[in-house]
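Residue strings, one per chain:
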Amino acid sequence: MSETWSVEEHLDDILSSVRPLEPIELQLLDAQGCVLVEDVAVPVSLPPFDNSSMDGYAVRTADVEGSCEEFPAVLTVIGDVAAGEGDLPVVERGQAARIMTGAALPPGAEAVVPVEWTDGGLGGGPVETMSARSTDPGGAAGEVRVHRPVEQGQHVRPRGSDVRAGAVALSAGTLLGPPQVGLLAAIGRGTVTVRPRPRVVVVSTGSELVQPGEQLGSGQIYDSNSYVLTAAARDAGAISYRVGAVSDDADTLRSTIEDQLIRADLVVTSGGVSVGAYDVVKEVLSQVDGGSGSVEFRRLAMQPGKPQGFGLIGPDRTPVLALPGNPVSAYVSFELFVRPAVRALMGRASVRRETARARLETDEALTSTDGKRQFLRGSYLPPAAGEAKGVVRPVGGAGSHLIAALAQANALIDIPEKTTRITPGEEVTVVPLDP
Ligand code: AMP
Ligand code: MG
């Protein structure tokens, strides 16, 4: 391995040591966004019983055969069946039961005549109703006139027509989005076994850092990295904890990290990884927990984000990614290395972001150092209807301190190591940064 690592080599090294978290059982809504690790079987068919898809009248088909406006079938209404009603009337020849959407088809009935195909039961006087709930003024009447015939099973949702008992509702590996959470609820599952969201602890370092909301002294700046990294970890699917800034003091940093390990599946630090006099992250991360840490610091052939550290520390060999402190470097490093690590911990099938090809829209040619992979910030417009490719316009310059430009960007422009010049209109690879 060369002394300088490529982006892919560094990422491969991280992914080869990061294992998916052990599965746990979670309540449905807590499992949202997590990956299922069990095949979930359907215990009872859906729907669990034949039921009406319309408000109308449950009838025997023979009783309404040949009915029309001029010669309606006249049926005796024997009562109401509301959704949730378990005590069902039996529909005999010449009879109908008023039925509501979702209510069980009563025995004897073969189909449902929608209320629009009837006189709505206005033809006769009130009758005794079957259900205690059917006390509304428009309740079952003595007779109903039906204007149109129905076929066997019409307007009836048969038992098991959605999903049958014993079938696999969702298979292991499924990512639980809202519809999947809904299906689990529909089949009666209260909890599921998933890989949990990783807990990411974010520690920024730097004696110059002040927390937002506080007064800036001379030589001080606000700590933005701990915010952007915590927010980005949350977007990536993690539960993230922001520890805020720790001063460039080895003992403080060491004890902070040791204290945080208890609640961390992944630790992310920012700053202190270059070769300055106060770059304490390097010093400390090789010593955490009595020397059981083994964080390696390396130079990457990339811009921004050249200095990077990665290793496993503490009794649980918790992965730690030490990112450079410049805000743009820290964020780009998060996108390239931390986000894939978070998704690997979650057991996600794809850990890398999708890329796209886009036409570069600039006034002047872009230049890039030979042998360095460059990630510029860009404003990307996906392909318009009928077009194969979108366009991307660089925002801000190459400076790693340009936070304002970063906030205008929605993509990274990925310039390969060997490329030194890109002219306006050329095609480039972009990494859209949608959440
Ligand atoms: P370092 O890698 O610690 O030498 O930091 C590189 C540059 O990034 C310096 O200009 C720092 O002041 C700045 N920086 C480091 N950490 C942060 C942070 N948490 N928020 C904003 N800027 C930072
Ligand atoms: Mg620093």
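Residues numbered from 1 in each chain as written. Chains lettered and ligands numbered in written order. Predicted model: local features only at pLDDT ≥ 70, side-chain atom pairs only at ≥ 80, totals over all residues. Heavy atoms only, no water.

Per an unreviewed UniProt entry, the protein carries the name Molybdopterin molybdenumtransferase and comes from Streptomyces abyssalis. Check the Cofactor (unreviewed entry) section of the UniProt entry for the protein; it says "Mg(2+)". As its UniProt record puts it under Catalytic activity (unreviewed entry), the protein is described as follows: "adenylyl-molybdopterin + molybdate = Mo-molybdopterin + AMP + H(+)". (UniProt positions renumbered as here; feature names shortened; annotations may be inferred.)

Undergrad: Requested: an account of helix 1 (residues 7-17), with residues and values cited.
TA: Counting along an α-helix, one turn takes 3.6 residues, and residues three or four places apart therefore face a common direction. Buried within helix 1 are the following residues: Val7, His10, Leu11 and Ile14. Projected onto a plane normal to the axis of helix 1, the buried residues spread over an arc of 95 degrees and lie on a single side. (Buried < 20%, exposed > 50% of the residue type's maximum accessible area, 1.4 Å probe, protein only. Helix = DSSP H or I, 4+ residues; strand = E, 2+ residues; numbered from the N terminus. Arc of directions from axis to C-beta.)

Undergrad: Can you tell me about the site of ligand 1, naming the residues and giving the values?
TA: Near ligand 1, the surroundings consist of 17 residues, among which Glu208, Asp223, Ser224, Gly272 and Gly325 are the closest. In the environment of ligand 1, an oxygen atom lies 2.5 Å from a nitrogen or oxygen atom belonging to the side chain of Glu208. Here a nitrogen atom of ligand 1 and a backbone polar atom of Asn225 are 3.3 Å apart. Taken by itself ligand 1 offers 480 Å² of open surface, and the protein chains cover 78% of this. When atoms are counted within 2 Å of each cavity's grid points, the one that captures over half of ligand 1 is the largest pocket. When its residues are assigned to classes, the shell around ligand 1 shows four nonpolar, ten polar and three charged. (Near = heavy atom within 4 Å. Polar contact = N/O pair within 3.5 Å; in protein donor to acceptor, adjacent residues only side chain to side chain. Areas by Shrake-Rupley, 256 points an atom, 1.4 Å probe, with all protein chains shown as cover. 1 Å grid on protein atoms, 1.4 Å probe; cavity = no way out; pocket = protein on both sides within 12 Å on 5 of 7 lines; lining within 4 Å. Sits in = over half its atoms within 2 Å of the grid points. Nonpolar A, V, L, I, M, F, W, Y, C, P; charged D, E, K, R; others polar.)

Undergrad: Talk me through the sheet that holds strand 2 (residues 24-27); I want residue IDs and the actual numbers.
TA: One open sheet accounts for three strands, arranged 2-13-3; its pairing is antiparallel. Of all strands in the sheet, those bounded by a partner on one side alone are strand 2 and strand 3 (35-36). Judged from the four bridges that link them, strand 2 and strand 13 (residues 191-195) form a sheet pairing that is antiparallel. Within strand 13, the residue paired with Gln27 across the bridge is Thr191. (Pairing = 2+ DSSP bridges.)

Undergrad: Can you explain the side chain of Ser400? Please cite residues and give values.
TA: Within the element layout of this structure, Ser400 appears in the loop between strand 26 (390-394) and helix 9 (403-406). The buried category is assigned to Ser400, whose relative accessible area is 15%. Not counting residues within four places of it along the chain, the set of residues in contact with Ser400 comprises Gln303, Pro304, Asn326, Pro327, Val328 and Ser329. (Contact = heavy atoms within 4.5 Å.)

Undergrad: So what's going on with unusual backbone geometry? Which residues, and what values?
TA: Both trends apply: most residues other than glycine have a negative phi, and most peptide bonds are in trans. With an omega dihedral of -15 degrees, the bond running from Leu46 to Pro47 counts as a cis peptide bond. Positionally, Pro47 belongs in the loop between strand 4 (40-41) and strand 5 (51-52). Of note, the amide linkage connecting Gln303 to Pro304 takes the cis form, showing an omega dihedral of 0 degrees. For Pro304, the location among the structural elements is in the loop between strand 20 (302-303) and strand 21 (307-313).

Undergrad: Run through the environment of Ser329, naming residues and quoting values.
TA: Relative to the elements of secondary structure, Ser329 occurs in helix 8 (residues 327-346). The class of Ser329 is buried, set by a relative accessible area of 4%. Each residue touching Ser329, except ones within four places of it in the same chain, is listed here: Pro304, Gly305, Pro324 and Ser400. A polar atom in the side chain of Ser329 sits 3.5 Å from the side chain of Ser400.

Undergrad: Any chance you could break down the packing of helix 1 against helix 8 for me, citing the residues and the numbers?
TA: Interaxial distance between helix 1 and helix 8 falls to 10 Å at its minimum, and their mutual angle equals 25 degrees. The angle between helix 1 and helix 8 places the two elements in the roughly parallel class. Between helix 1 and helix 8 lies a crossing whose hand is right-handed. Together, Val7, His10, Leu11, Ile14 and Leu15 of helix 1 and Leu336, Phe337, Pro340, Ala341 and Ala344 of helix 8 make up the contact between the two elements. Split by residue class, the contact of helix 1 with helix 8 holds nine nonpolar, one polar and no charged. (Axes fitted to C-alpha atoms, helices over the stretch in contact; angles between N-to-C directions. Parallel < 35°, antiparallel > 145°, perpendicular 65-115°, else oblique. Left-handed = near helix turned anticlockwise from the far one by under 90°.)

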